[in-house]
Amino acid sequence: MNSKLKIFFKGIVDVSPLMIPVVPFGIIFGVLSIDLGLTPITTMAMSIIIFGGASQIIFLQLFSAGASSLVILSSVGAVNSRHMLYGLVLSEHMSDLKIFWKIIISYFLVDQAFAVSNSYLKNNDNKDRAFHVFGGGATCWVVWQTTTIIGIFLGSVIPEKLGLSFAIPLTFLALLVNDFRKLINIIVIIISGLVATLGYELIPFKAYVIVAAAVGLIAAMILTKFMRIKE
Amino acid sequence: MIEWSLIIYCGLITFFSRFSMIALLKKEMFTDRIRVVLSFVPSAIFPAIIFPAIFLNNAGDFMLENNPKIFAAVIAIIIGLITKNVIATIFSGLISYWFLIFIIFS
């Protein structure tokens, strides 16, 4: 077995435990998308073309609320800005790769793949080490597409009375729960949440997500300047 | 159809947010300061989804009383802090929400 394939499989093995939470997330996405009136084909296209859980759910939320295209695109862009951080961290390990592989691996660079590959890449200097990200991301891709399909089928069975749309805030809450332990994060969370809630009706074009995120980031800039943080 | 072009644009934005740093920018362009601020991106964006979905009803009115979502969210946060587990957080919130709407508030 050549080293690329070996590292690819190592990525699959390492990312596997992180796939457990992706299963309900993907199913919830499929169910909600059908609930909100999107077709199975559009739902599937979102999982393949966008391939990002948070982006897809924000898309659903804003699209079904009748937000404008510009607001949807800028909100998805804002949610994605964390990926730039991943790319930044990984770029030094991928500088020797051909542009083709950079494109492929970028498509598969999701939160879970970054989480497991970050430590692997730091401790290995094999020239093909970036294929670890590919293995992790491809695993996540298969799980995400499969669970989207399951969700699409369940979406037409699950009654609306269950109020499954409440799973959206719960999912994001779950992703944030470790930040509830840090003071600056708590302040940023409360500021952003209040701006979004109070601005929901006041801010035009459903731009409350972007406005709240911008205010929250400015608050984080100010707070981190004045409060020493040690991670 | 507008939703198709939107999905494709969102796909491009998502792809380029992952690709841009790997392919286009130099590492030196990012100072430690920018990195610290970027680490707050989830804390700045996710509450903008969470808070209105919990505190506002479908018509956009503020709902502080008789709102089972607030209780369910608090339970989810507590379970999340204890277990540090994503699924446990989501399902504890959902199950307490169902318990409240179908048994207590009904």
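> Just to check I follow, could you spell out the environment of A:E92 for this structure?
All names here are of chain A. Counting through the fold element by element, E92 comes out in helix α5 (residues 69–94). Of the residues examined, E92 reaches a relative accessible area of 43% and is grouped as partly exposed. For the pair formed by E92 and I105, sequence separation is 13 residues and the distance between their alpha carbons is 14 Å.

> Sorry if this is basic, but what is going on with α5(A) here?
Owing to its 3.6 residues per turn, the α-helix brings residues three or four apart onto one side. Bending of α5(A) peaks at approximately 35° at the position of A:V79. The buried count for α5(A) comes to 19 of 26 residues, which makes it a mostly enclosed element.

> Can you help me understand the pattern of salt bridges in this one?
Note that side chains of opposite charge can pair when their charged atoms are close. Per the stated rule, a full pass over the model turns up 3 salt bridges over all chains. One salt bridge connects A:D128 with A:K127, and the closest N-O pair in it is separated by 3.4 Å.

> Just checking my understanding: could you explain unusual backbone geometry for this structure?
Most peptide bonds take the trans form, and the phi angle of most residues other than glycine is negative. All names here are of chain B. Of note, N66 is a non-glycine position whose phi angle comes to about 50°, a positive value. Topologically, N66 is positioned in the loop between α3 (41–55) and α4 (68–83). Phi is positive for K84, which is not a glycine, with a value near 55°. In this fold, K84 is placed in the loop between α4 and α5 (86–104).

> Would you take a moment to explain the packing of aromatic side chains for this structure?
Aromatic ring pairs: the centre-centre distance and the angle between the two ring planes describe each pair. All names here are of chain A. For the structure on display, the rule yields 22 aromatic pairs over all chains. Between the aromatic rings of F8 and F9, the centroid separation amounts to 5.9 Å while the plane-to-plane angle is 80°, which identifies the pairing as edge-to-face. Among the residues examined, F8 registers a relative accessible area of 18% and is labelled buried. Accessibility expressed as a relative area gives 40% for F9, which makes it partly exposed. Taking the centre distance of 4.8 Å and the plane angle of 55° together, the rings of Y200 and Y208 count as tilted. Here the two residues Y200 and Y208 agree in accessibility, since each one is buried.

What counts, and where the lines are drawn
- Residues numbered from 1 in each chain as written.
- Chains lettered and ligands numbered in written order.
- Predicted model: local features only at pLDDT ≥ 70, side-chain atom pairs only at ≥ 80, totals over all residues.
- Heavy atoms only, no water.
- Helix = DSSP H or I, 4+ residues; strand = E, 2+ residues; numbered from the N terminus.
- Buried < 20%, exposed > 50% of the residue type's maximum accessible area, 1.4 Å probe, protein only.
- Bend = angle between axes of the 7 residues up to and from the residue.
- Salt bridge = Lys/Arg side-chain N within 4 Å of Asp/Glu carboxyl O.
- Phe/Tyr/Trp six-rings, centres within 6.5 Å; stacked < 30°, edge-to-face > 60°.

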